[in-house]
Amino acid sequence: MFGFTSARPNPTHNTTLFISEGDSWIGFYAGWSALKQAHKFNKVIMGVRNEDNEYVRELHKLGAEIQRYDPINDANRLKDLLKGTDSLLLIPVHDEHKMVEASENILRAAEHNNVGRVMLWSHVGVEHHGGNVAAVAGTKPVRPTHEWMKVLECFAKLEKSVRDSKIKNDVIFRLGFISQAFFALSNVMQNRGLFPLTSKDGKMAPVNAKDVGQAGAVLLADPNLFDKHNKQTLILTGPKAYTGPELTNIVNKTLNARIEFEEVPLDSMHEILEKGADADKTEIAITMAGFQLLHEKKLDIVSNDLHKVLGRNPADIDTFFRENADSFRPRSVAGYAVRDAAARQ
């Protein structure tokens, strides 16, 4: 089966939107947000590689048209899928070896079909770790010190590909650390009473994927608003930056818990994610890149760009933990002084 459709309400805008990587969790939030504004789109098409996926099933229920694709090996099908598409939301393809190649195949298919607008979701940190691509933009390149940092080079290459493409209208979102990435730590927090992060003093301003998705949907649903931000790179963060101990205090206050903060080495954090994250290797690499930026104290970024798009402040981190309390609240009072989460998880 190559795809399936679902009944949807009559749209008020004649806009067809294609979103890549709908079977990833970040792609899910992109699709979920667009479908919550379904009346503004004629059609929302989700490109997926795995139809037997809880994210895909939920998007189908919400009214998405699900289309299986192979952005690595089947460029001709990509051209067929993007026929009649007005806008492309390019979530980079989650392939640890061919992210750039596969994502550029989608971009070329959009060019072939004269798609009018493209939005790329990139990541903060490309200005520090984008390699030679970042150097072109006047930033001193930093070679990756860990394998997972290569993902930032991929994002930097894709940013350049989008800006150099034949598609005249583009917006790039550079995402800060996504709040939903904390789900990968829920096992440690629930069973060990520990909130592990890679720096005690470094700050981060976690941004909720729901806000990122809504901002994308708002721009893509309104050509005039998109044009207002054309060729811009928007930095999407939460409203305030916190240190690890400050985040832990927020968690404890929100959950009425006694979780302890613990600073852990990068390699230990990587081990925690590999054991506890329901994610593919690319998602783990992106999360680890964020944790390394935190370790390097390069995540202390607070931007007003989300407010400019949404017309309101983005949700703060306490909202995320309050909405997902059952995923983080400790199951017992034992184990609150764990010192080596990776070894004992």
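Residues numbered from 1 in each chain as written. Predicted model: local features only at pLDDT ≥ 70, side-chain atom pairs only at ≥ 80, totals over all residues. Heavy atoms only, no water.

## So, unusual backbone geometry
Here is step 1: One non-glycine residue, glutamate 21, lies in positive phi territory at about 55°.
Here is step 2: Along the chain, glutamate 21 falls in the loop between strand 2 (16-19) and helix 1 (25-36).
Here is step 3: With a phi close to 55°, asparagine 114 is a non-glycine residue in the positive phi region.
Here is step 4: Tracing the backbone shows asparagine 114 in the loop between helix 4 (99-112) and strand 6 (117-123). (Helix = DSSP H or I, 4+ residues; strand = E, 2+ residues; numbered from the N terminus.)

## Quick look at the pattern of salt bridges
Here is step 1: Tallying each qualifying case throughout the model produces 18 salt bridges.
Here is step 2: As a salt-bridge pair, arginine 322 and aspartate 318 come within 3.4 Å of each other at their nearest N and O atoms. With a gap of four residues between them, arginine 322 and aspartate 318 both fall in helix 15 (residues 317-323), about one helical turn apart.
Here is step 3: Through salt bridges with shared partners, a single ionic network connects Glu127, Glu159 and Arg174. (Salt bridge = Lys/Arg side-chain N within 4 Å of Asp/Glu carboxyl O.)

## What to know about the environment of glycine 27
Here is step 1: With respect to the element layout, glycine 27 can be found in helix 1.
Here is step 2: Classification of glycine 27 as buried rests on a relative accessible area of 0%.
Here is step 3: Separated by 19 residues in sequence, glycine 27 and methionine 46 have C-alpha atoms that sit 8.6 Å apart.
Here is step 4: Among residues more than four places away in sequence, those in contact with glycine 27 are Ile19, Ser20, Glu21, Gly22, Met46 and Ile91. (Buried < 20%, exposed > 50% of the residue type's maximum accessible area, 1.4 Å probe, protein only. Contact = heavy atoms within 4.5 Å.)

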